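An overview of the molecular structure
Single-letter residue listing:
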Amino acid sequence: MSIVETSTHRWEILLFYLKKSKCVKSLSQTRWSARYEAGKSLCTSWSEIKNALQAIIDDANEKPVTKFDASVLLKPFNTIEMCFMTVFWNEVLERFHIVNKKLQSVNIELGMIVELYGSLEQYISRIRNNFEEYEGKAIQICGEMQYKKDKRRTVKRKRQFDETMNEVITETGKEDFRINVFFVILDKLNAELVRRGSSYKNLCVKALIEQYPNDIEESFTNECLHLRDHLFFKSDKKRNAQELCKMLYTNDLIDIYPNVTTALRMYLCTFATNCTAERSFSALKRVKSHLRSTLESDRLNATSILHIESEMLRSINYDDIIDDFASKKVRRKML
């Protein structure tokens, strides 16, 4: 809300009405999780933000332009459509945010990624039947029960000669919103999840042989069948890729399953996500502030790495380095 950020007076009005509620969050250009934070703050502080905007409109000291901007922002708060979307996105982005954090973990494997994508697909398919639940929560928050389409004057359409009265069906505002907005969003989300998840599911044996002919031999398929029977004979528990690779090295089975070992190493080294770049950009923004805008490239890169790996940095003992530096830079002369 730029109208509040540009004035300390209006910011104090907002904080007065928010009190202990969650403060309003703005979107970030580098962090996807900021969308969840912004949606959650809007959903939990709906009435407080609405009252703050109304207070700005009623303030006699504000300019007419500011009052007009506040009234424009306040108008959607009186519609069930916006409140519905706020409640809906708050719950959906909460699930996506938690899964997104799990995808950024260091020890995650491609198999777990496929499972998480599949779980989100099932979740999106299930909430198609929760329209009334979201609508009830929206009505409870905003107090509005009528959709915008129901408030407009009904446009009468001329009935064609081959139509009967029963064939001319007029959709209500609720049905129109559910079909043309709610279902469209869910279908788009589901299609994107299927598209992104399919890239991880297509890692099959033949694809690996064709993609890496110099690393994996044609006997890879036969080795997989042999390893499956080996684990079945051993009555071993179900292992993930990391545990299976450790078992091959521990039991000295690399000579028996060389291609499987190579494939497992490639599998475990495959990047699950590309969120590292997202984090580094956020860290770069904090490191290179307006006070240090003249940093050279080498020093800036080194400072950014130190900031990103701050946890490892705190665990290092610098006493020997400090003593060595002090002995070389000392200015006292021996008498």
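See the structure printed just above.
Description of the structure in this document. For clarity, every value in this text was computed on a predicted model and none was experimentally measured.

Let's talk about the overall build of the protein chain
- Looking only at helices and strands, the protein chain features 18 helices and zero strands.
- The proportion of buried residues among the 335 residues of the protein chain is 31%.
- Contacts spanning at least 24 positions in sequence make up 65% of the contacts within the protein chain whose residues lie at least 6 apart.
- For the protein chain, the accessible surface area stands at approximately 23,900 Å², while carbon and sulfur atoms represent 54% of it.

Here we look at the packing of helix 2 (residues 8-18) against helix 4 (residues 46-58)
- Their axes nearest at 8 Å, the elements helix 2 and helix 4 cross at an angle of 140°. With respect to each other, helix 2 and helix 4 are oriented oblique. Here the hand of the crossing between helix 2 and helix 4 comes out right-handed. The segment helix 2 lies against helix 4, with Arg10, Ile13, Leu14, Tyr17 and Leu18 engaging Glu48, Ile49, Asn51, Ala52, Ala55 and Ile56.

Details of unusual backbone geometry
- The backbone phi angle of aspartate 252 is positive, close to 55°, even though this residue is not glycine.
- Judged by relative accessible area, aspartate 252 falls into the exposed class, the value being 58%.

Thoughts on helix 13 (residues 241-250)
- Listed in full, the buried residues belonging to helix 13 are Ala241, Leu244, Cys245, Met247 and Leu248. Axial view of helix 13: buried residues confined to an arc of 155°, hence all on one face. Looking at helix 13, the residues exposed on the side facing more than 90 degrees away from the buried face are Lys246 and Thr250.
- For helix 13, the secondary structure elements touched by its buried residues are helix 12 (220-233) and helix 14 (258-269).
- Taken from the residues just after helix 13, aspartate 252 is the one with a positive phi, measuring 55°.

Brief notes about the pattern of salt bridges
- Using the criterion set out here, one finds twelve salt bridges in the structure.
- Between glutamate 192 and lysine 188 there is a salt bridge, with the nearest N and O atoms lying 3.8 Å from each other. Placement of both glutamate 192 and lysine 188 in helix 10 (residues 173-201) is noted, with a separation of four residues, approximately one turn of the helix.
- The exposure class of lysine 188 is exposed, given its relative accessible area of 53%.

Description of the packing of aromatic side chains
- Counted by the stated rule, this structure contains 14 aromatic pairs.
- Here the aromatic rings of phenylalanine 84 and phenylalanine 182 are separated by 5.8 Å at their centres, their planes lie at 80°, and the arrangement is edge-to-face. Taken together, the residues span a long stretch of sequence, with phenylalanine 84 in helix 6 (residues 80-103) and phenylalanine 182 in helix 10 at a distance of 98 residues.
- Assessed through its relative accessible area of 0%, phenylalanine 84 is described here as buried.
- Here phenylalanine 182 and phenylalanine 183 contribute two aromatic rings whose centre-to-centre distance is 5.8 Å and whose plane-to-plane angle is 45°, an arrangement assigned as tilted.
- The class for phenylalanine 182 is buried, based on a relative accessible area of 1%.
- Following the ring pairs from residue to residue traces out a cluster consisting of Phe84, Phe88, Trp89, Phe131, Tyr134, Tyr147, Phe177, Phe182 and Phe183.
- Positioned over the ring face of phenylalanine 131 is arginine 178, at 5.7 Å from the centre of the ring.

What counts as what
- Residues numbered from 1 in each chain as written.
- Predicted model: local features only at pLDDT ≥ 70, side-chain atom pairs only at ≥ 80, totals over all residues.
- Heavy atoms only, no water.
- Helix = DSSP H or I, 4+ residues; strand = E, 2+ residues; numbered from the N terminus.
- Buried < 20%, exposed > 50% of the residue type's maximum accessible area, 1.4 Å probe, protein only.
- Contact = heavy atoms within 4.5 Å.
- Areas by Shrake-Rupley, 256 points an atom, 1.4 Å probe, with all protein chains shown as cover.
- Axes fitted to C-alpha atoms, helices over the stretch in contact; angles between N-to-C directions.
- Parallel < 35°, antiparallel > 145°, perpendicular 65-115°, else oblique.
- Left-handed = near helix turned anticlockwise from the far one by under 90°.
- Arc of directions from axis to C-beta.
- Salt bridge = Lys/Arg side-chain N within 4 Å of Asp/Glu carboxyl O.
- Phe/Tyr/Trp six-rings, centres within 6.5 Å; stacked < 30°, edge-to-face > 60°.
- Lys NZ or Arg CZ within 6 Å of the ring centre and 35° of its normal.

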